[in-house]
Amino acid sequence: MSGIPLTWYLIVAAALFAIGLYGVLARRNAVAILMAVELMLNAVNINLIAFWRYLTPDRPIGLAWALFVFTVAAAEAAVGLALVISIYRQRDSVIAEEMDILKY
Amino acid sequence: MTAQQIIFIVISAATIVSALIVVTNRNLFHAALALMASFLGVAGLYVLLDAGFFAAAQLLIYIGAISILVIFAIMLTRRLMSASEPSFNSQWVMGLVASVLVFGLFLYVIIQAWGGAVAQTFPVLQAPMEAPGIADSIRALGAALVDPNGYVLPFEVASVLLLGALIGAIVVAQPEKKS
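Here goes a summary of the coordinates provided. By convention here, each chain's residues receive numbers from 1 onward along its written sequence. Think of it this way: whatever chain is written first is A, whatever ligand is written first is 1, and the rest follow in order. Since the coordinates come from a predicted model, pLDDT governs what is reported: local features require at least 70, and pairs of side-chain atoms require 80 or more to be given and counted, while whole-chain, interface and lining totals use all residues. Note that the side-chain values use all heavy atoms of the structure and ignore hydrogens as well as water.

Focus on the overall build of chain A
In this description a helix means any DSSP run of H or I spanning at least four residues, a strand means any run of E spanning at least two, and both kinds are numbered starting from the N terminus. Looking only at helices and strands, chain A features three helices and zero strands. The secondary structure elements of chain A, listed N-terminal to C-terminal, are α-α-α. Here the C-alpha atoms of chain A give a radius of gyration of 17 Å, more than 25% beyond the 13 Å that 2.2 N^0.38 yields for 104 residues. Projected onto the principal axes, the alpha-carbon positions of chain A cover approximately 60 × 25 × 20 Å. Across the 104 residues that make up chain A, the buried fraction comes to 63%. Expressed as a percentage of contacts within chain A between residues at least 6 apart in sequence, the contacts between residues at least 24 apart total 57%. Radius of gyration here is computed from C-alpha atoms only, and the compact-globule reference equals 2.2 Å multiplied by the residue count raised to the power 0.38. Note on classification: 1.4 Å probe, protein chains only; a residue is buried when its accessible area is under 20% of the maximum for its type, exposed when over 50%, partly exposed between these limits. Pairs of residues are marked as contacts when any of their non-hydrogen atoms sit within 4.5 Å.

Below, the structure written as structure tokens:
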């Protein structure tokens, strides 16, 4: 037996996803939360490309999905960081807990 | 253990360690640098998976564009995060428990569905099979993206999404005009 089993990629991606999830749940700074979201999106992409390579290398399904995840990640980063900067201008804060205007 | 496996272990260990730095480091700027290292590790995994185009795209989009955006955002909002302020919210223990539980669940499902006896039965799970078309996969992807029976509609939707995000980011980040 040589080569890398598929499960190794899946486990690395699961670890990356769990780390990103912890960052999203525990961080206070909105920019740090966005960074953790990017980690989670990367974990998903590893899974998509690993499944494409191992199970359907002759059809580009996984690659197409990974490309759309890339697109969505870029859009999410641009809009998310623009929102953070806009909120910072209005409220002088990037702490997620203090973004509570909609609550009252 | 083959050379490929050792390379895989080194790359994924680097990726996971820098991901841990991203979510735990108090200094946001250092966290952003670790994020770049983590993206680089993921690009290395793409190379191991014979997806060279995606490794290049990862370098350009994630390390080149998204990381720079993040660093700009950190610098524009910087003085707020002084060292004295806590960088984790009050529920961080619950968050830690939740993410460890999620990881355990994933691990259980992965081992159940793809590991052990299943992997013994299907040799394709042990190592990627020889795929002669792998070098042409980017050509196939490009053809599928503009094929009416393929992904032309999601492709167009993605381009509209990017345009919307572009305009939205400009509009949202614009300073309010004083009337």
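So, the packing of helix α3 (residues 61-91) of chain A against helix α6 (residues 137-145) of chain B
Relative orientation of the contacting elements α3 of chain A and α6 of chain B amounts to 70 degrees, with a least axis distance of 9 Å. By the angle between their directions, the pair α3 of chain A and α6 of chain B is classed as roughly perpendicular. For the element pair α3 of chain A and α6 of chain B, the recorded crossing hand is right-handed. Every residue of α6 of chain B that contacts α3 of chain A at L63, A64, L67 and F68 of chain A is listed here: S137, L141 and L145 of chain B. Side-chain classes follow a simple rule in which Ala, Val, Leu, Ile, Met, Phe, Trp, Tyr, Cys and Pro form the nonpolar group, Asp, Glu, Lys and Arg form the charged group, and the remainder, Gly included, forms the polar group. Classifying every residue of the contact of α3 of chain A with α6 of chain B gives six nonpolar, one polar and no charged. Convention adopted: a line fitted to C-alpha atoms gives each axis, helices being fitted over their contacting stretch, and angles between N-to-C directions are expressed from 0 to 180 degrees. Angle categories are assigned with fixed cut-offs, so that under 35 degrees is roughly parallel, over 145 is roughly antiparallel, 65 to 115 is roughly perpendicular, and the rest are oblique. Crossing handedness is defined as follows: a turn of the near helix away from the far one that is anticlockwise and smaller than a right angle gives a left-handed crossing, while the clockwise case is right-handed.

Observations concerning the interface of chain A and chain B
Listed by partner, the interface residues are 73 residues for chain A and 88 residues for chain B. The junction of chain A with chain B conceals about 7,500 Å² of combined surface from both sides, 77% of it contributed by carbon and sulfur atoms. Salt bridges are counted wherever a side-chain nitrogen of Lys or Arg sits within 4 Å of a carboxyl oxygen of Asp or Glu. For the interface between chain A and chain B, the tally reads one salt bridge. Across the pair R53 of chain A and D50 of chain B runs a salt bridge, and its minimum N-O distance is 2.8 Å. Polar contacts here mean pairs of N or O atoms no more than 3.5 Å apart (in protein, one a potential hydrogen donor and the other a potential acceptor; neighbouring residues in sequence count only if both atoms are side-chain atoms). Remark: the boundary between chain A and chain B carries nine residue pairs in polar contact (both at pLDDT 80 or more). Looking at the side of chain A that touches chain B, the elements that each hand over two or more residues are α1 (6-26), α2 (30-55) and α3 of chain A. For the side of chain A that touches chain B, a count of residues per class yields 55 nonpolar, 11 polar and seven charged. Using a 1.4 Å probe, buried area is obtained as the accessible area two parts lose upon being combined, added over both of them.

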